[in-house]
Amino acid sequence: MPKMPARGGARTLNDIRPGGRVRIRRHHSEGAVRQRLLDLGLMPNVVVTVVRSAPLNDPIELKLDASSITLRRREAITIEVTSEEPES
Amino acid sequence: MSKRDGVLVALAGQQNAGKSTLFNVLTGARQHVANYPGVTVDKKHGQYGDEVGTVYTVDLPGTYSLTSFSLEERVAREFLLGDRPDITVNVVDASNLHRSLHLTLQILEMELPSVLALNMMDVAEGRGIQIDQAQLAQRLQVPVVATVGRKGQGRDPLRQTIRAESARQAATPTPPPAPVDYGALEPVIAQVQQRLAPFKAIADLPQRWLALELLEGDTQAVSMLVERLGEVAARPLREEIGALIDAFEQQHGIEISDYVVGCRDRAIERLLEGVVSGAEGGRTTLTERVDRIVLNRWLAPAFLLLTVFAIYQVSIVWGYELTNVTWPFLAKGRELIAGVLPSADFLVDPYLRSLGLWLVDSANTLLNYVPIFLILFACIAIVEDSGYMARIAFILDKVLHRFGLHGQSTLPLILGGVFAGGCAVPGVMATKGIPDTRARMATIFTVPFMNCLAKVPLYTLLLGIFFVEHKSLMMFYISTMTIIFALLVAKLLTKTVLSGQETSPFVMELPHYHLPTVNGVARRSLERTWQYIKKVGTVVLAVAVVVFVLLHLPGLPAERKAHFAQEAEAAIERFEQALAENPYRDLATGDNLVPLVNYYTDYKRAKLTATGAAGSQRVTERFQARNAAFYPLVKRGGDRDARQAARALRKLAHERRALRKQMHEERIRHSVLGTIGRGMEPVTQFAGFDWKINIALLSSFAARESSVATLGVLFQPDEDESASLEERMGDATREGGATALLAVSMILFFALYPPCLATTMMVKVQTGSYKWMLFSIVFPTILGLGVASAVYSIGQAVGATGIEAMSAVYWGAFVLLLIIGLLSDRKASRLLRQRFSEG
């Protein structure tokens, strides 16, 4: 498997600092985790804001629309994101 | 058409949509909580009557969607499919309509006649969101009702709509039309539907829904197909569908389940276009502003500590003070019952009396905690309803997760009594909310290590005897070692017996802050307290009877009985001789003798417990009223003859008590429990426990509080009435060579000791298995005995004092905790890096 930078600088939610706004590109998780993320509205092409990380750095809190979602970094790293502009 | 009397209504909705509140509004107080058959998910039923008839209501577990990934979703789906409710009330969060409608569409795809309850309308309005309800109802082809569950608004319109819609459906069944157009997938769905059509065995299922689920590869739908059609008939179907899936996914380069979600999302966007306005609003909500402070990296731990401390102070400390007020009522109840039971004989009490009082005492120790629990549960309900509980999980998840627990383990651990005071029964009960099975099991097994209220008296007792100088240090050790042990044990279990259990991610919604309502908090607090009384009460009373029997059987051998009877005769004879010349003789002997002695002991006890001059005066009046003739013989002073009689009476009463005590000890030593206790000595001697302590620990399995009670009985008061249990036990145990080291051994064993019976019953309920229940008893017993033995034996070998041994254990465990915590952190970040590089 090539290292991340070799894949054109693709970033995951885990890399985003608090305050950052990003657009979800795709999920690398499967099964129940993926379903849960989708259920909570983390669908491809949706814009989310990273609000903060917990006092011990993990989990992190996201904001999308009216809701606040928390997830652990180990899940965040499976969500690939791009900068907030929609892909044309 | 009606297959049952009345109407069956199911409430379905996502978590945090206020579904349960609306359920309470709809059904009022008439509800019943049970478990779904075979699983540990709550099933809440209720019913209400409207002008037409009865409406049976079921509150389904809150789910984000209706796939078969989680237990709650499977339960909800099975109910909707199997019981086909007449009306499904879909409760949605009006302030978060977009996301909520995903579930709505799935319900409609199951062709369930529905009513949409737009709940939390006040929150939506507060955010400037406007919803065109008529337009939404028109587009979905489903009646829409606005409600505010927390304020009880919208109940009547909702009830009317349910009634009207069910009547309409009964007259002409019109299942809702397919709400989503799946575009390129539609021909495939049609193809599958066509293939399914000839099979009668699945004709009752919504066909389009089934086709879609099969195409999405839903495991439960597939197994349902196999189950209904049989392996042989299902195989070609499955192969065909598999080929269709592959073809579609190859052609479109997307998994069908992702494609389906995308289509639904677009359908929702179209649905809401022109229906919802004002949802954008970039202004920050109150919740966000509060969270900026409450979840601030530096302030969050402070707020957390403050909250936990406040709960502790209000419920445990103040609640304890409240029990001083309520205890006299329980004591009065005991007196009343004692008066009704047959009165004591000179030497032996009738069984009915001793068993009756034994049961009353057992019940009273439990009921004594009721005020504490009412307050504790109310505090917890406030924390839950306000939305802060989810934030506690967010703050603590990292620490807890590292040891195999979960952010949401916090509530059970607090209820169990993190530092001092709690109860494992509601603690284990509260593990229900933890979504990760493995962490949930680990929590269930570690909650009993917390300091439940009933452990505290034994700690206090032992500290009072052996650690007078180091009391506060020992208290600190005891109240913080619980969490250290719990984390270590959780880690151990997670790595061993629980390693095969299912885990799930920590993906959770932080609800908006709400002001909890008085009604909601009171209801929750009463509900949980009642559950405690019911569950604990029945078990503890049943066990109290068993322990009583085990302590009394087989009774004393005949020759010992005869011996004691003889002694008693002699004592009475001496008394009669002393009064030979006394004018009070007739009053004090013969049939009057036993009542007089009872009168005397009752009087002494009442005087001893009476507080202040006024209390003492009341006792005097009471006993004067009870028997005016006896009174001169018990009071101080009086004429010469009375004084002489009183002296003789005092002597007789003392002799009687000494005899009774001796008999009692011999009986216990001979009893079944005593035999077991002595039989255990070869094993427990390494921990320093003799048979008396063994009995106390055995009976504490029935209920923790009985350990102190049993010790009290074993070290029963003799001549010197005012000596406290501390002094008596101190003397008796020191005579037997007991040391502070033994006390440490007892404290450690007690901290790690198996949960009381009521808790193990709860473990059975929550794990759904007797195997795990047995494990919850055996594992801590071995662990506790192992630790206690090691500490006692090593401590004796090196000649450590109690406080030294305790410090060594505490800091040893603490260092171990740090090492494990740091190690798993390094492992976690390594895993994270690995995943990162895999992409």
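Reading the values: the criteria
Residues numbered from 1 in each chain as written. Chains lettered and ligands numbered in written order. Predicted model: local features only at pLDDT ≥ 70, side-chain atom pairs only at ≥ 80, totals over all residues. UniProt positions renumbered as here; feature names shortened; annotations may be inferred. Helix = DSSP H or I, 4+ residues; strand = E, 2+ residues; numbered from the N terminus. Buried ≥ 20, exposed ≤ 12 C-beta atoms within 10 Å, placed from the backbone. Contact = placed C-beta atoms within 7 Å. Pairing = 2+ DSSP bridges. Right-handed = clockwise from strand over helix to strand, strands pointing away. Domains from an automatic or database assignment. Expected span 1.5 Å × (residues − 1).

As recorded by an unreviewed UniProt entry, chain B carries the name Ferrous iron transport protein B and is attributed to Halochromatium glycolicum. The UniProt entry for chain B carries this comment under Sequence similarities (unreviewed entry): "Belongs to the TRAFAC class TrmE-Era-EngA-EngB-Septin-like GTPase superfamily. FeoB GTPase (TC 9.A.8) family." Recorded under Function (unreviewed entry), the UniProt text for chain B is reproduced unchanged: "Probable transporter of a GTP-driven Fe(2+) uptake system."

Under the annotation held in an unreviewed UniProt entry, chain A carries the name Ferrous iron transport protein A and is attributed to Halochromatium glycolicum.

A. The arrangement of the overall build of chain B in detail. What chain B contains, in helices and strands, is 37 helices and 10 strands. Each of the three principal axes of chain B carries a C-alpha extent, and together these read 115 × 70 × 60 Å. Looking at chain B as a whole, 40% of its 839 residues qualify as buried. Considering only contacts within chain B whose residues lie at least 6 apart along the sequence, 74% involve residues at least 24 apart.

B. Spotlight on the UniProt feature "transmembrane region" (unreviewed entry) in chain B. Residue and element names in this part refer to chain B. UniProt marks residues 298-320, 366-383, 442-468, 474-493, 532-553, 738-760, 772-795 and 807-824 with the feature "transmembrane region" (unreviewed entry), using the numbering shown here. For residues 474-493, helix accounts for 100% and strand for 0%, while the C-alpha atoms at its two ends are 28 Å apart. Helix makes up 100% of residues 772-795 and strand 0%, whereas the separation of the span's terminal C-alpha atoms amounts to 34 Å.

C. Spatial organisation of the pairing of strand β5 (residues 87-93) of chain B. Residue and element names in this part refer to chain B. When you tally the buried positions in β5, you get 7 out of 7 residues, the bulk of the element. Here β5 shows a buried face lined by I87, V89, V91 and D93 and a second buried face lined by T88, N90 and V92. Two elements, strand β1 (residues 7-13) and β5, share 5 bridges in a ladder whose sense is parallel. Counted as the bridge partner of L11 is V89 from β5. Bridging between β5 and strand β6 (residues 114-119) involves 6 bridges; their strand directions are parallel. If you follow D93 over to β6, its bridge partner there is N119. A crossover links β5 with its parallel partner β6, the connecting element being helix α3 (residues 97-109), and its sense is right-handed.

D. Local environment of the domain arrangement of chain B. Here chain B is partitioned into domain 1 (7-171), domain 2 (183-252) and domain 3 (558-669). Taking the mean C-alpha position of each, domain 2 of chain B and domain 3 of chain B sit 88 Å from one another.

E. Structural view of helix α34 (residues 740-752) of chain B. With 13 residues, α34(B) should reach 18 Å at 1.5 Å per residue; the first-to-last C-alpha distance of 18 Å fits that figure. When you tally the buried positions in α34(B), you get 13 out of 13 residues, the bulk of the element.

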